[in-house]
Amino acid sequence: MTSRPALDVRAVTESEFADWQRALNVGFLREPTLPEEILDARREQFTPGRSIGAFDGGRCVATFRSFAQELTVVGGATVPADAVTNVTVSPTHRRRGLLTRMMERDLAAAKERGDVVATLIAAEYPIYGRYGFGPATSATEWTIDVPRAGLDPRWAGPEDGGRIDLVDGEDVRKLGPELHERLRRQQPGAVNRDELWWRTATGSVRFHPTFHEPFHVVYRSAGGEVEGMAAYTADDNWGDAKQPLNTARVKWLIGVTPAAERALWHYLCSVDWVVAVRSGWRAPDDLLPHFLPDPRAAAVATQADWLWVRILDVVRALEARTYQAAGALVLEVADGAGLTGGRFRLEASADGAGSCAPTTESAELILDVAELAALWLGDESAVRLAALGRVREGRAGAARQADALLRTSRRPWCPDIF
C-alpha cells in the first residue's frame with residue numbers, strides 16, 4: 001500500500017497566485033484557466049499572508065483567503081473582523097483535513113491580530129459549525145408580480161418631492177461609498193465596502209469574463225441629498241405572443257430612509273416591459289412587501305442563513321454592542337478550539353451599555369461559542385435554541401432573560417456576499 005505524501009499548507013506567494021486561482025476555479029466548478037487580464041484584475045485582492053493554499057507535489061489543491069473587514073454590531077459600533085472567503089478543496093483531495101488546517105491557521109492569526117470575530121458566507125450549512133461559526137443573520141429574496149402589486153401604472157416619480165435619476169458607473173463610484181457608510185452605521189450585520197468593491201461592482205475592474213453592466217439609479221430627497229441607490233439588470237423575454245415579459249433583477253439596493261427605499265422599489269416596478277422584479281438578497285423583515293398596495297404581490301422566492309460569525313473574543317464582542325434592557329446574566333461559553341470561552345458575567349445598564357468580565361459565579365446559560373455567535377447580533381432566540389437542545393439553562397428562565405437582553409426590534413442584515 002502506497003502512503004500518501006505529506007501536504008504542505010502555507011501562505012501563497014505572489015508567483016503562485018495563478019496556480020492558486022486555478023485551484024479556486026476547480027473547487028467552484030468554474031473553467032480552470034482565466035484570461036490573463038481577468039487574472040491580473042484578481043491580483044488586486046492578493047494580500048501577502050492572507051491567501052493560504054495546500055500543495056501536493058508543487059500543485060495547489062486547496063485554497064483559503066481572508067481579508068480585513070469591519071462589522072457593524074447592535075447600536076452602531078463596528079468591530080474588526082477576519083472575513084473568510086475563497087475556501088475550496090479539490091475533489092481529488094477531500095477528507096484529508098485540509099480545510100481544518102487552513103482554518104486553524106487563519107483563525108489563530110486573526111486572534112493574534114486582535115480581530116473580535118471572523119465572518120463568512122457559507123455555501124454549505126454543515127461545514128462551519130465545527131469551527132465555531134454560527135449563522136448570525138439570514139436573508140430573503142422576493143419576486144414581485146408587478147401587475148398584481150396595485151401600483152399606479154402612470155407613476156411618474158416620488159410623491160415626496162424627491163427624484164430618481166439614471167447614473168453611470170463613475171457617478172456610483174463617487175456617490176456610493178458615502179451613502180453606504182451611512183447605511184452600515186445604522187444596520188447591524190452590515191460590513192464595509194472598500195474601493196475595490198465599488199470598482200468591481202461597476203465594471204471598472206472586471207473579475208469575470210462575462211461582466212454585464214447594470215443600470216444604476218439614484219434617489220435624491222426633496223432637499224437634493226442622495227439617500228438611496230440601486231443597480232439592476234433586465235432580461236429580454238418576449239413570450240410566445242411576442243409581448244414583453246421581462247424580469248428586472250436587483251443586484252443591490254441601499255436606502256438610508258424608508259422614503260428612499262419606497263421610491264426605488266416603485267421605480268423598479270414602473271419600468272416599461274418589466275412584469276416581475278427579483279429583489280436580490282434583503283433583510284428578512286425588509287419593508288419591501290408593505291411598500292406595495294398588495295403585499296402578497298411580493299412572494300418569497302428564497303430564504304436562507306446568510307452571514308456566519310465566529311467569535312474570537314467574548315468580552316470585546318459583548319461589550320461592543322448595546323442592549324435592549326437592563327440586567328445581568330452569567331454565560332458559560334465552550335470553545336473546543338481554545339480561542340475564547342470560559343465563564344463570563346454580562347451586565348447591561350438602562351442606557352443600553354454592556355460590560356463583560358470573567359467570573360467564577362455559577363453559570364446561568366451554558367452554550368457553545370457557535371450558539372453565542374447566533375445570538376450575538378440579536379437575530380436568534382435563546383428560548384428557541386434551548387428547545388432545540390443547543391443551549392442549556394443553569395437557572396430556570398435564563399434563556400428568556402437572554403432574549404430580553406440580546407434580541408433586537410429590527411433584524412440584523414448583511415447586504416453583501418464575499
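Structure's up top.
Novice: Go over the sheet that holds strand E6 (residues 134-135), please, and point to the residues and values.
Specialist: Sheet architecture is open: 7 strands sit in the order E1-E2-E3-E4-E5-E14-E6, paired in mixed fashion. Unpaired on one side and paired on the other, strand E1 (8-11) and E6 mark the two borders of the sheet. Against the sheet, helix H8 (residues 369-376) makes contact with strand E3 (59-72), strand E4 (78-89), strand E5 (117-121), E6 and strand E14 (307-311), and its axis sits at roughly 125° relative to E14, the strand it touches most.

Novice: Provide a residue-level description of the pairing of strand E9 (residues 215-220), including the pertinent values.
Specialist: Pairing of strand E8 (residues 163-167) with E9 involves 5 bridges; the strand directions are antiparallel. Across the sheet, Arg163 pairs through a bridge with Arg220, a residue of E9. Strand direction decides the pairing type here: E9 and strand E10 (residues 226-234), joined by 6 bridges, are antiparallel. Paired with Val218 across the strands is Met229, a residue of E10. Turn length for the E9-E10 hairpin, with the two strands adjacent in sequence and antiparallel, is 5 residues, and the turn residue Gly224 shows positive phi of about 90°.

Novice: How would you sum up the packing of aromatic side chains? Please name residues and give values.
Specialist: Overall, the coordinates contain 12 aromatic pairs when judged by the stated rule. Clustering of aromatic rings is evident, with ring pairs tying together Phe17, Trp20 and Phe46. Above the ring of Phe55, the side-chain terminus of Arg10 is found at 4.0 Å from the ring centroid. A cation sits over an aromatic face here: Arg321 above Tyr323, 4.6 Å from the ring centre.

Novice: Could you give an account of the environment of Asp286, with specific residues and numbers?
Specialist: Mapped onto the elements of the fold, Asp286 is located in the loop between strand E12 (274-278) and strand E13 (298-305). Owing to a relative accessible area of 8%, Asp286 belongs among the buried residues under this scheme. Separated by 269 residues in the primary sequence, Asp286 and Phe17 have C-alpha atoms spaced 40 Å apart. Ignoring anything within four residues of it in the chain, the contact list for Asp286 reads Trp142, Glu261, Trp265 and Arg410. Of the polar contacts made by the side chain of Asp286, one reaches the side chain of Arg282; its length is 3.1 Å. A distance of 2.9 Å separates a polar side-chain atom of Asp286 from the backbone nitrogen of Leu288.

Novice: Give a description of the nonpolar core that names residues and reports values.
Specialist: Note on soluble globular proteins: their nonpolar side chains tend to be buried together. Counting residues in each nonpolar core, the largest one holds 43 residues, and the members touching the most others are Leu71, Val117, Val309, Ile311, Leu318 and Trp376. Contact partners of Val309, with chain neighbours within four places excluded, come to Leu71, Val117, Ala118, Thr119, Gly132, Phe133, Gly134, Ala136, Ala373 and Trp376. Core analysis: the next-biggest nonpolar cluster, separate from the first, contains 27 residues, Trp142, Ala260, Ala263 and Leu288 among them.

Novice: Hey, could you go over the pattern of salt bridges for me, with residue numbers and the actual values?
Specialist: Two side chains of opposite charge can pair, provided their charged atoms sit close to one another. Counted by the stated rule, this structure contains 30 salt bridges. Taking the shortest distance from any N to any O, the salt bridge between Glu44 and Arg199 comes out at 3.0 Å. Here Glu44 is found in the loop between helix H2 (36-42) and strand E2 (51-56), whereas its partner Arg199 is found in helix H5 (residues 195-201), with 155 residues between them in sequence. With a closest N to O distance of 3.1 Å, Arg410 and Asp285 form a salt bridge. Separated by 125 residues along the polypeptide, Arg410 in the segment after helix H10 (398-406) and Asp285 in the loop between E12 and E13 bring together distant segments of the chain. Judged by relative accessible area, Asp285 falls into the partly exposed class, the value being 23%. A single salt-bridge network, built from bridges that share partners, covers Arg50, Asp82, Arg113 and Asp115.

The rules behind the values
- Counting starts from 1 at the beginning of each chain's written sequence and moves along it residue by residue.
- Local features in this predicted model are restricted to residues whose pLDDT is 70 or higher, and side-chain atom pairs enter the listing and the counts only when it is 80 or higher, whereas totals over whole chains, interfaces and linings include all residues.
- With hydrogens and water stripped out, all remaining heavy atoms of the structure feed into the side-chain values.
- A pair of strands counts as paired when DSSP detects no fewer than two bridges linking them.
- The secondary structure listing takes helices from DSSP runs of H or I that are at least 4 residues long and strands from runs of E that are at least 2 residues long, numbered from the N terminus.
- The criterion used for residue contact is that any of the two residues' heavy atoms lie within 4.5 Å.
- Convention adopted: a line fitted to C-alpha atoms gives each axis, helices being fitted over their contacting stretch, and angles between N-to-C directions are expressed from 0 to 180 degrees.
- Between 30 and 60 degrees the pair is tilted, below 30 it is stacked and above 60 it is edge-to-face, where a pair is any two Phe, Tyr or Trp rings, Trp via its six-membered ring, whose centres lie within 6.5 Å.
- By definition here, charges over rings are those cases where NZ of Lys or CZ of Arg is within 6 Å of the ring centre and within 35 degrees of the ring normal.
- Here's how the labels work: a residue is buried when its accessible area is under 20% of the maximum for its type, exposed when over 50%, partly exposed in between, all with a 1.4 Å probe on protein chains only.
- Counted as a polar contact is a pair of N or O atoms within 3.5 Å, where, for protein atoms, one must be capable of donating a hydrogen and the other of accepting one, and residues adjacent in sequence contribute only when both atoms are in side chains.
- By convention a nonpolar core is built from buried Ala, Val, Leu, Ile, Met, Phe, Trp, Tyr and Cys residues, the set being connected through side-chain atoms within 4.5 Å.
- Salt-bridge detection follows one rule: a side-chain nitrogen of Lys or Arg within 4 Å of a carboxyl oxygen of Asp or Glu.

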